[in-house]
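# Examination of the molecular architecture
Take a look at the letters that make up each chain.
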Amino acid sequence: MYESKPMTEERPSCRLCADELPPHGEQVWLITKYGNGFRGLYHPEYEIVAWSPVPKLTDSQKVRLRKLGHVF
């Protein structure tokens, strides 16, 4: 299986596949026509209707987590 770096955004929003298809070869959050969401690679046979970049932590969130003893 091919590994790829996930596409990420600090404040992701869903995009309809009718307007913009997900990037090929990048892990994103996918939503099927049945409302199920999962992280993965886009394939047309999955019947995806919407997608979103994978969320990521902001720099300020990372600082707070470091102060709490979590390393990032």
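Residues numbered from 1 in each chain as written. Predicted model: local features only at pLDDT ≥ 70, side-chain atom pairs only at ≥ 80, totals over all residues. Heavy atoms only, no water.

Let's shift gears to the sheet that holds strand 2 (residues 15–16). Strand order in the open sheet made by the four strands is 2-5-3-4, with antiparallel pairing throughout. The open sheet has two edge strands with one neighbour each: strand 2 and strand 4 (37–40). The pairing of strand 2 with strand 5 (residues 48–52) spans two bridges and is classified as antiparallel. Bridged to Arg15 within strand 5 is Trp51. (Pairing = 2+ DSSP bridges. Helix = DSSP H or I, 4+ residues; strand = E, 2+ residues; numbered from the N terminus.)

Moving on, we come to the pattern of salt bridges. Scanning the model with the defined rule gives two salt bridges in all. Notably, a salt bridge pairs Glu20 with Arg15, separated by 3.8 Å at the nearest N-O pair. Note that Lys33 is salt-bridged to Glu47, the shortest N-O span being 2.7 Å. Here Glu47 lies in the loop between strand 4 and strand 5 and Lys33 lies in the loop between strand 3 (28–32) and strand 4, a separation of 14 residues in the sequence. Judged by relative accessible area, which is 37%, Glu47 ranks as partly exposed. (Salt bridge = Lys/Arg side-chain N within 4 Å of Asp/Glu carboxyl O. Buried < 20%, exposed > 50% of the residue type's maximum accessible area, 1.4 Å probe, protein only.)

Okay, the pairing of strand 5 next. Among the five residues of strand 5, four are classified as buried, and the element is accordingly described as predominantly covered. Two strands pair when backbone bridges link them, and strand 3 and strand 5 are joined in this way by four bridges, in the antiparallel orientation. Looking at the pairing, Thr32 lines up with Ile48 of strand 5.

Turning our eyes to something else, we now look at the packing of aromatic side chains. Here the structure, examined in full by the defined rule, presents one aromatic pair. Between the aromatic rings of Phe38 and Tyr46, the centroid separation amounts to 5.9 Å while the plane-to-plane angle is 70°, which identifies the pairing as edge-to-face. Note on Phe38: relative accessible area 27%, which makes it partly exposed. (Phe/Tyr/Trp six-rings, centres within 6.5 Å; stacked < 30°, edge-to-face > 60°.)

Before going further, it helps to spend a moment on the environment of Lys5. Along the chain, Lys5 falls in the segment before strand 1 (8–9). When the C-alpha atoms of Lys5 and Asp19 are compared, they prove to be 23 Å apart, with 14 residues separating the residues in sequence. When neighbours within four sequence positions are excluded, Lys5 is seen to be in contact with Glu26 and Gln27. (Contact = heavy atoms within 4.5 Å.)

The biggest cluster of nonpolar side chains holds six residues, and these are Cys17, Val28, Leu30, Tyr42, Ile48 and Trp51. Secondary structure elements with two or more residues in this core: strand 3 and strand 5. (Core = buried A, V, L, I, M, F, W, Y, C linked by side-chain atoms within 4.5 Å.)

All quantities given are derived from atomic positions and should not be read as evidence of function.
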